[in-house]
Amino acid sequence: MGCFECCIKCLGGVPYASLVATILCFSGVALFCGCGHVALTGTVTVLEKYFSKITTDHAMLTDVIQLMQYVIYGIASFFFLYGIILLAEGFYTTSAVKELHSEFKTTICGRCISGMFVFLTYILGVAWLGVFGFSAVPVFLFYNMWSTCNAMKSPMVNLTSIDSICVDVRQYGIIPWNATPGKVCGSMLGEVCNSSDFYLSYHLYIVACAGAGATVIALLIYMMATTYNFAVLKFKSREDCCTKF
């Protein structure tokens, strides 16, 4: 067998679906965790500087954000390991690998492990749908603020009515109603929207949301790949039983 035929045969054993899902999963989780972490820090800065100047008013929100940042570290570590495990499982359970190794035999333990991956991947897929929806919430809030700032720049707005245009973050439940000042209006609102912290956080939340969406797609691909691998293992075990004398 020549070198070219050998390379073609080796490439035939690569689980491309799992490989694409792994790359997409790593990219999505990296975007979600990295951008989300920085965006949360920028959100605290904007709140402390413009909306809640008394530390006790937003102390609980600060603790929640810090907890979410620690959770982000755990998510990144878990999915890095889980993606590698699923990719390895794909290499050893695809039909292409079985064709390369004719003496491949399935065991009850192997089928149980494959079934466990199917179940766990489905659970993670449903969970990440919730994460994707949750990550869209800050995008919606920042978009409302950005839209209000653009409304101030509209030529239809009189200069005398700019001070009547306000953004009150207390209505979103981010900070309590007794927070001071709680809302910003007019030129101060324009200063908020022109600040680098707001601009950076807004766009990072968008990227983080896109990363969560990419992770959902990756998990969907994983679902199909692991389900197919499990079905092949079941078929292989039945074939072994039927051909056993």
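Since the structure is predicted, the reported quantities are computational estimates derived from the model, not experimental observations.

Rules used in this analysis
Residues numbered from 1 in each chain as written. Predicted model: local features only at pLDDT ≥ 70, side-chain atom pairs only at ≥ 80, totals over all residues. Heavy atoms only, no water. Helix = DSSP H or I, 4+ residues; strand = E, 2+ residues; numbered from the N terminus. Buried < 20%, exposed > 50% of the residue type's maximum accessible area, 1.4 Å probe, protein only. Contact = heavy atoms within 4.5 Å. Areas by Shrake-Rupley, 256 points an atom, 1.4 Å probe, with all protein chains shown as cover. Core = buried A, V, L, I, M, F, W, Y, C linked by side-chain atoms within 4.5 Å. UniProt positions renumbered as here; feature names shortened; annotations may be inferred. Axes fitted to C-alpha atoms, helices over the stretch in contact; angles between N-to-C directions. Parallel < 35°, antiparallel > 145°, perpendicular 65-115°, else oblique. Left-handed = near helix turned anticlockwise from the far one by under 90°. Nonpolar A, V, L, I, M, F, W, Y, C, P; charged D, E, K, R; others polar.

Points about the overall build of the chain
Logical step 1: Across its full length, the chain carries seven helices and two strands.
Logical step 2: Mapped from its N terminus to its C terminus, the chain presents α and β elements in the order α-α-α-α-α-β-β-α-α.
Logical step 3: Considering the chain as a whole, with its 245 residues, one finds that 42% of them fall into the buried category.
Logical step 4: Considering only contacts within the chain whose residues lie at least 6 apart along the sequence, 83% involve residues at least 24 apart.
Logical step 5: When the accessible surface of the chain is summed, it comes to about 14000 Å², and 72% of that surface belongs to carbon and sulfur atoms.

Re the nonpolar core
Logical step 1: V29, F51, F79, W128, L189, V192 and F198 are the most contacted members of the largest nonpolar core, which totals 49 residues.
Logical step 2: Put simply, the parts of the chain that give this core at least two residues each are α2 (16-51), α3 (59-93), α5 (108-152), α6 (186-194) and α7 (196-243).
Logical step 3: With 13 residues, α2 is the single largest residue contributor to this core.
Logical step 4: Excluding residues within four positions of it along the chain, F198 makes contact with V46, F142, M145, W146, V192 and C193.

Overview of the environment of K53
Logical step 1: In this structure, K53 sits in the loop between α2 and α3.
Logical step 2: Along the sequence, K53 and A179 sit 126 residues apart, while their C-alpha atoms lie 8.1 Å from each other.
Logical step 3: Every residue in contact with K53, bar those within four places of it in the chain, is listed here: E48, T180 and P181.

With respect to the UniProt feature "transmembrane region" (unreviewed entry) in the chain
Logical step 1: Per the UniProt record, "transmembrane region" (unreviewed entry) is annotated on residues 19-40, 70-92, 113-146 and 204-228.
Logical step 2: With 100% helix and 0% strand, residues 19-40 has its two end C-alpha atoms placed 31 Å apart.
Logical step 3: From the first C-alpha to the last, residues 204-228 spans 36 Å; its make-up is 100% helix and 0% strand.

Things to note about the packing of α2 against α6
Logical step 1: Interaxial distance between α2 and α6 falls to 11 Å at its minimum, and their mutual angle equals 160°. Considered as vectors, α2 and α6 are oriented roughly antiparallel to each other. For the crossing formed where α2 meets α6, the hand is right-handed. Here V46, Y50 and F51 of α2 lie close against α6, whose contacting residues are M188, E191 and V192.
Logical step 2: Residue composition of the contact of α2 with α6, grouped by class: five nonpolar, no polar and one charged.

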